[in-house]
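Notes for the structure review
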Amino acid sequence: LVIAPIVHFFETQQRLRTEFGDILGAVTISAGFFVVLVAGIGVFLEDFAPGVNNFWRSRPVNLTFWFVVKYVVGLTVLALAFGSLLTPSYWLQAEFGKDPIYWFFRSAFFATYFLSLLYSLSMACYCLVRQPVYAAVMTFGIYFCGMFSIGWLNYFSWYTAVGSMILALTIPITIAWLAVK
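My aim in this report is to walk through the structure given alongside it, one point at a time. Since the model is a prediction, treat every value here as computed from it, not as a measurement.

Some remarks on the overall build of the chain
Scanning the chain for helices and strands turns up seven helices and zero strands. For the chain, the succession of helices and strands along the chain, N to C, is α-α-α-α-α-α-α. Relative to its full complement of 181 residues, the chain shows a buried share of 31%. When contacts within the chain are restricted to residue pairs at least 6 apart in sequence, long-range pairs at least 24 apart make up 73% of them. For the chain, the accessible area works out to roughly 10,800 Å², and carbon and sulfur atoms hold 74% of it.

In structure tokens:
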């Protein structure tokens with residue numbers, strides 16, 4: 001994921017850090033979208049097979065703990081893999097004022113938030129329909145409709161936007177947990 005932006009950066013006449021950040025972000029988001037989508041669906045793919053699903057239900061396993069561990073481990077791996085590329089990408093594009101640390105933490109938040117939203121949404125869609133292809137199509141539709149509707153949140157206050165971001169992340173997690181349980 002890093003090779004294409006580096007090659008482009010050294011072959012261009014103008015070597016701007018913002019251009020390198022743009023290309024690194026675009027390549028990472030493009031590849032990361034599909035990897036996160038597949039990983040979100042794949043978290044429970046084998047666990048919902050007919051024989052395996054009955055096996056886990058017959059064992060004294062705490063379903064909430066099992067769900068949380070699978071969710072957190074998958075999200076942590078994806079956040080470290082793609083967040084470590086997206087955070088420098090956003091940071092390179094930032095217009096630094098007097099506080100570059102603020103921009104770094106802001107970049108890290110937005111890099112991992114949208115990845116975790118897509119991961120949670122794809123996992124919830126698969127837990128609901130239990131068909132990988134249908135879950136991927138549902139995830140595409142819901143995610144893009146949600147992204148297009150974010151524009152109207154700018155007309156409201158900041159706490160409305162923050163509340164919507166929190167709801168957008170907790171609703172898919174809750175739906176997936178209830179579908180598993």
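Observations concerning the packing of aromatic side chains
Summed over all chains, the structure comprises 12 aromatic pairs. Ring centres 5.7 Å apart and planes at 25 degrees place the aromatic pair Phe-33 and Phe-144 in the stacked group. Within this pair, whereas Phe-33 is found in helix H2 (residues 17–42), its partner Phe-144 is found in helix H6 (residues 132–149), the two being separated by 111 residues in sequence. Here Phe-144 falls in the partly exposed class, since its relative accessible area comes to 38%. On the numbers, 5.4 Å between centres and 40 degrees between planes, the contact of Tyr-71 with Tyr-119 is tilted. Taken together, the residues span a long stretch of sequence, with Tyr-71 in helix H4 (residues 63–93) and Tyr-119 in helix H5 (residues 100–129) at a distance of 48 residues. Just as Tyr-71 is buried, Tyr-119 falls in that class too. One aromatic cluster in this structure is built from Phe-33, Phe-34, Phe-140, Tyr-143 and Phe-144. Geometry around Phe-44 places Lys-70 over its ring, the cationic atom sitting 5.5 Å from the centre.

Some words on a nonpolar patch on the surface
Taken together, the side chains of Leu-128, Val-129, Val-133, Tyr-134, Val-137, Leu-167, Ile-171 and Ile-175 define a hydrophobic patch exposed on the protein surface, amounting to about 760 Å² of accessible area. At the level of secondary structure, the elements contributing two or more residues to the nonpolar patch comprise H5, H6 and helix H7 (158–180). Structurally, Leu-128 is set in helix H5.

Cut-offs and rules
Residues numbered from 1 in each chain as written. Predicted model: local features only at pLDDT ≥ 70, side-chain atom pairs only at ≥ 80, totals over all residues. Heavy atoms only, no water. Helix = DSSP H or I, 4+ residues; strand = E, 2+ residues; numbered from the N terminus. Buried < 20%, exposed > 50% of the residue type's maximum accessible area, 1.4 Å probe, protein only. Contact = heavy atoms within 4.5 Å. Areas by Shrake-Rupley, 256 points an atom, 1.4 Å probe, with all protein chains shown as cover. Phe/Tyr/Trp six-rings, centres within 6.5 Å; stacked < 30°, edge-to-face > 60°. Lys NZ or Arg CZ within 6 Å of the ring centre and 35° of its normal. Patch = residues over 30% accessible without salt bridge, like charges linked within 9 Å, V, L, I, M, F, W, Y side chains within 5 Å. Salt bridge = Lys/Arg side-chain N within 4 Å of Asp/Glu carboxyl O.

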